[in-house]
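# Residue-level structural notes
Okay, here's what each chain looks like letter by letter:
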Amino acid sequence: SLNVFGGFVDVTRLALAHPFGPAPELAADLNLKDVELAPLTGRTHQLRVHCAARDFPIFGDPIYGAGIRPDALLHLHARAIRIPISNNKPPIEVEACAPDHMKERLAACGWTQQMDDAVVTARRQKEETRQNERENAASEEKVAGN
């Protein structure tokens, strides 16, 4: 998606995703879809604006949404973020479990608690691996110094 606002260009990669199975039809003709968004530029509200412009506003969006439920919380969640630091350092990678207010709708798409448990387990394993690598590097430095 490409939008131009006041001479500035916003770019977002949009992909209709079904990691939990096909999108269900919900009551009141509400189609629930899991959409993968990857902002290639970093403008305020960019993802929300682009989704609304493509005629699939984010559920619970009080500004750009369709006003389906004014009491609904925004259903926008960063499942994973990768932040490059520099050429000399690995990027920071973070994964997050689904927030509680989104779990009911995610479950309608096939999401299960075991999927979040897998995220937590993978995160713990990565941290243990990093800790072991740090300890090994420190031991090697100590041996090299003797």
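Since this is a predicted model, take the numbers as computed values, not measurements.

## What about helix α1 (residues 46-53)?
Across the 8 residues that make up α1, a large majority, 6, are buried. Residue D55 follows α1 closely and has a positive phi angle near 70 degrees.

## Overview of the side chain of D61
Relative to the elements of secondary structure, D61 occurs in the loop between α1 and β6 (80-83). Judged by relative accessible area, which is 3%, D61 ranks as buried. A distance of 2.6 Å separates polar atoms of two side chains, one belonging to D61 and the other to R48. Contact partners of D61, with chain neighbours within four places excluded, come to R48 and L74.

## A closer look at the environment of A98
In this structure, A98 sits in the loop between β7 (92-95) and α2 (103-108). Using a relative accessible area of 10% as the deciding quantity, one classes A98 as buried. Separated by 22 residues in sequence, A98 and L76 place their C-alpha atoms 10.0 Å apart. Excluding residues within four positions of it along the chain, A98 makes contact with H77, K103, L106, W111 and D116.

## Quick notes on the confidence of the model for the protein
Here the protein averages 75 in pLDDT, while 73% of its residues score no lower than 70. Of all the helices and strands in the protein, strand β3 (residues 25-26) carries the lowest mean pLDDT, 42, while β7 carries the highest, 85. Of the regions scoring below 50 in pLDDT, residues 18-29 engages in 22 contacts with residues more than four places distant in sequence or in other chains.

## Some remarks on the pattern of salt bridges
In this structure the tally under the stated criterion is 7 salt bridges. R48 is the partner of D61 in a salt bridge, and the nearest nitrogen-oxygen pair spans 2.6 Å. You can see D61 sitting in the loop between α1 and β6 and its partner R48 sitting in helix α1, a full 13 residues away along the chain. Judged by its relative accessible area of 13%, R48 is buried. The closest approach of N and O atoms between K126 and E93, which form a salt bridge, is 3.9 Å. One end of the pair, K126, is in helix α3 (residues 113-145); the other, E93, is in strand β7, and 33 residues separate them in sequence. The class for E93 is partly exposed, based on a relative accessible area of 35%. Each of R82, E93, E95 and K126 takes part in one network of salt bridges that share partners.

## Focus: the environment of Y64
Secondary-structure assignment places Y64 in the loop between α1 and β6. Considering only alpha carbons, one finds Y64 and H45, 19 residues apart in sequence, at a separation of 9.2 Å. Apart from the residues within four sequence positions on either side, Y64 is in contact with H45, R48, V49, A52 and P57. Side chain to side chain, Y64 and H45 meet in a polar contact 3.1 Å long.

Procedures and definitions
- Residues numbered from 1 in each chain as written.
- Predicted model: local features only at pLDDT ≥ 70, side-chain atom pairs only at ≥ 80, totals over all residues.
- Heavy atoms only, no water.
- Buried < 20%, exposed > 50% of the residue type's maximum accessible area, 1.4 Å probe, protein only.
- Helix = DSSP H or I, 4+ residues; strand = E, 2+ residues; numbered from the N terminus.
- Polar contact = N/O pair within 3.5 Å; in protein donor to acceptor, adjacent residues only side chain to side chain.
- Contact = heavy atoms within 4.5 Å.
- pLDDT = per-residue confidence, 0-100.
- Salt bridge = Lys/Arg side-chain N within 4 Å of Asp/Glu carboxyl O.

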